[in-house]
Amino acid sequence: MTFKAPDSLAEQIAHHLAERIIRGEMKPGERIQEQKVTLALNVSRGSVREALLILERRHLIAILPRRGAHVTELSEHKVRSLCALMSELYILLGNAVAHGWQEQADMAPFIEIQQRLQDAFARQDIRTFVDESFSVMRAAYPFANNPYLQETVENLQPAMSRAYFLALEQRKAEMSEFLDLFQRLLTAVLARDLPQIRIVLTAYAQRSCDLVVSALTAA
């Protein structure tokens, strides 16, 4: 990956490092040395420190006294804990859309995402499929109109991406199942069927979690 310095330097440094962690280029427990990052990216040490604080907030690294910054470890307990929390956050977003949509045009972003998911499935493009899965929650933010919910989901999303990346190949076999779940979710949202939204999103989170844990165990 080529680093390109943008306007929001600390955020971009954090994004650059996050991508390396998510894709497994930086391993669990690996130390992140400020000076090396500063020299490699030709940026200030202060910006790197700020970026590391962002990554800590997003649960990709831990900053420990006298030990510095290290990539966090993945474990079954952490994965299941994260999935359980994200499931409830997804349900809050799903309920917000169900309560908030007024006309069919309001659902257009979700229909477009569904089409992109189907296109990714047709190409067997699992990485795009996973990325578009996260697009669903971002399309729901305006309906929730809750900055705390949005901030929480965004801070947890990199950790979820990291977990999903482990299970990419296993998820390929499940793409049609996830497409079916998304169709059921859209149907429930249009019907404002909150109990069904919970059922569908709980099933989605559980299935995703099982795939990640399976990949983690096999690693």
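Rules behind the numbers
Residues numbered from 1 in each chain as written. Predicted model: local features only at pLDDT ≥ 70, side-chain atom pairs only at ≥ 80, totals over all residues. Heavy atoms only, no water. Helix = DSSP H or I, 4+ residues; strand = E, 2+ residues; numbered from the N terminus. Buried < 20%, exposed > 50% of the residue type's maximum accessible area, 1.4 Å probe, protein only. Contact = heavy atoms within 4.5 Å. 1 Å grid on protein atoms, 1.4 Å probe; cavity = no way out; pocket = protein on both sides within 12 Å on 5 of 7 lines; lining within 4 Å. Points joined across faces, edges and corners; volume = space filled by probe spheres on them. Nonpolar A, V, L, I, M, F, W, Y, C, P; charged D, E, K, R; others polar. Pairing = 2+ DSSP bridges.

- Under an unreviewed UniProt entry, the name given to the protein chain is GntR family transcriptional regulator, and the organism recorded is Pseudomonas rhizophila.

Regarding the overall build of the protein chain
Step number 1: A tally of helices and strands in the protein chain yields 10 helices and 3 strands.
Step number 2: Listed by position from the N terminus, the elements making up the protein chain come as α-β-α-α-β-β-α-α-α-α-α-α-α.
Step number 3: For the protein chain, the proportion of its 219 residues judged to be buried stands at 44%.
Step number 4: In the protein chain, 71% of the contacts between residues at least 6 apart in sequence involve partners at least 24 apart.

Some points on the side chain of Q157
Step number 1: Summarising the element assignment, Q157 is placed in helix α7 (residues 147–166).
Step number 2: Among all residues touching Q157, those that are not within four sequence positions of it are F134, M137 and R138.

Observations concerning empty space enclosed by the protein
Step number 1: Per the stated rule, a full pass over the model turns up 1 cavity of 30 Å³ or more.
Step number 2: The calculated volume of the largest cavity comes to roughly 380 Å³.
Step number 3: Along the wall of the largest cavity there are 23 residues; nearest its centre are S133, V136, F182, L185 and L201.
Step number 4: At the level of secondary structure, the elements contributing two or more residues to the lining of the largest cavity comprise α4 (76–100), α5 (108–123), α6 (126–144), α9 (175–190) and α10 (194–218).
Step number 5: Residues belonging to the lining of the largest cavity are distributed by class as follows: 21 nonpolar, 2 polar and no charged.

Some points on the pairing of strand β3 (residues 68–71)
Step number 1: One ladder, built from 2 bridges, connects strand β1 (residues 31–32) with β3; its direction is antiparallel. The residue of β3 that forms the bridge with I32 is A69.
Step number 2: Across 4 bridges, the pairing between strand β2 (residues 61–64) and β3 is antiparallel. Across the sheet, the residue bridging to I61 is V71, located in β3.
Step number 3: Count of turn residues in the β2/β3 antiparallel hairpin: 3 residues, of which R66 carries a positive phi of about 65 degrees.

Quick word on the environment of H15
Step number 1: Note that H15 resides in helix α1 (residues 9–22).
Step number 2: Relative accessible area serves as the criterion here: at 44%, H15 is assigned to the partly exposed category.
Step number 3: Sequence separation between H15 and E154 is 139 residues, and the spatial gap between their C-alpha atoms is 12 Å.

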